[in-house]
Amino acid sequence: MIERVLEIKFCGEVMMEKQKEVSQHGLTVTRGGKSQQAAVLVNLLRDTSMPMLNYLAEHYGLYRIPGQSKSILIERLLRQLPDTALNQIENDLIAGRYGHLSVDELLNIALVSDAQRSGRAGIPRLDDMDPEEVVLVDSSVDRWVYVMHGYDVEIDLDRRRLKCGCPYFEFSSRRQAICKHIARGLTMIPEVYARKALIDLLLSREYGGPHTPRWEFDHSQAA
Ligand SMILES: [Zn+2]
């Protein structure tokens, strides 16, 4: 019988989260793959209203404890629910936040958040780029390479990499902010992949922990 122990420590806005398996022999094994997911799930739960958390708890069979705090309820959910239920909850919370949004709406959220983090007033204009200046030079199942205005632009879902050679991206890439070429590229690749990329990017940025896979923002010209 293996018992899972979750230790959740809240330190201001920074969450330190460890997930361990403790066997009956007292051996402690860090759950490598799971801990990367766990940070996103815990932060999503923290960003979920108490009525919804209470609904989830009851839906998955936890008895109700009147007056319990949000952090205690989250801890109970994480401790007592099986992985399949936690995965389902994570998927539902992600779908609830982003599932109804179009590529343009997701892109707008990313661009507004970029602007807010860098203190800029506006977001890059996408309508000043002539479609004839956008050339697809290479593509595979989940990777697209364009030349736009003479700059190499690459979107690579598998490697979580966004790349552009423009001067704007030289600076914005350091702040994990996308340029108008990458934004335009995201509106040109198939919608299902664009939504997948943008949701993953927003999720890792808004809800990720220290071990959540991050997107690489690469400013270089070699495609
Ligand atoms: Zn660019």
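See the structure shown above.
Note that the coordinates shown come from a computational prediction; the quantities given were computed from them, not determined experimentally.

**As for the nonpolar core**
Soluble globular proteins: nonpolar side chains tend toward being buried together.
Then step 1. Of all hydrophobic cores here, the largest spans 24 residues; its most connected members are I182, L186 and L198.
Then step 2. The contact partners of I182, leaving out residues within four places of it in the chain, are V153, I155, L162 and C164.
Then step 3. The next biggest cluster of nonpolar side chains, apart from the first, holds 14 residues, and it includes L44, L56, L77 and I89.

**Focus: the environment of M129**
Then step 1. Mapping M129 onto the fold places it in the loop between helix 5 (103-118) and strand 4 (134-139).
Then step 2. Separated by 51 residues in the primary sequence, M129 and K180 place their C-alpha atoms 9.0 Å from one another.
Then step 3. If near-sequence neighbours (up to four positions away) are discounted, M129 is found in contact with V134, M148, K180 and R184.

**Some details on the pairing of strand 4**
Remember that side chains alternate between the two faces of the sheet whenever the strand is regular.
Then step 1. Counting buried residues in strand 4 gives 0 out of 6 residues, a small share hidden from the surface.
Then step 2. Strand direction decides the pairing type here: strand 4 and strand 5 (residues 143-148), joined by 5 bridges, are antiparallel. Counted as the bridge partner of S139 is W144 from strand 5.
Then step 3. Linkage of strand 4 to strand 5, two consecutive antiparallel strands, is achieved through a turn of 3 residues.

**Digging into the packing of helix 5 against helix 8 (residues 191-207)**
Then step 1. Closest axis-to-axis distance for the helix 5/helix 8 pair is 10 Å, and the angle between their directions is 25°. Put simply, helix 5 runs roughly parallel to helix 8. The crossing of helix 5 and helix 8 is left-handed. Seen from helix 5, the contacting residues are V103, L106, L107, I109 and A110; seen from helix 8, they are E191, A194, R195, L198, I199, L201 and L202.
Then step 2. Class assignment for the residues of the contact of helix 5 with helix 8 results in 10 nonpolar, no polar and 2 charged.

Parameters and conventions
- Residues numbered from 1 in each chain as written.
- Predicted model: local features only at pLDDT ≥ 70, side-chain atom pairs only at ≥ 80, totals over all residues.
- Core = buried A, V, L, I, M, F, W, Y, C linked by C-beta atoms within 7 Å.
- Buried ≥ 20, exposed ≤ 12 C-beta atoms within 10 Å, placed from the backbone.
- Contact = placed C-beta atoms within 7 Å.
- Helix = DSSP H or I, 4+ residues; strand = E, 2+ residues; numbered from the N terminus.
- Pairing = 2+ DSSP bridges.
- Axes fitted to C-alpha atoms, helices over the stretch in contact; angles between N-to-C directions.
- Parallel < 35°, antiparallel > 145°, perpendicular 65-115°, else oblique.
- Left-handed = near helix turned anticlockwise from the far one by under 90°.
- Nonpolar A, V, L, I, M, F, W, Y, C, P; charged D, E, K, R; others polar.

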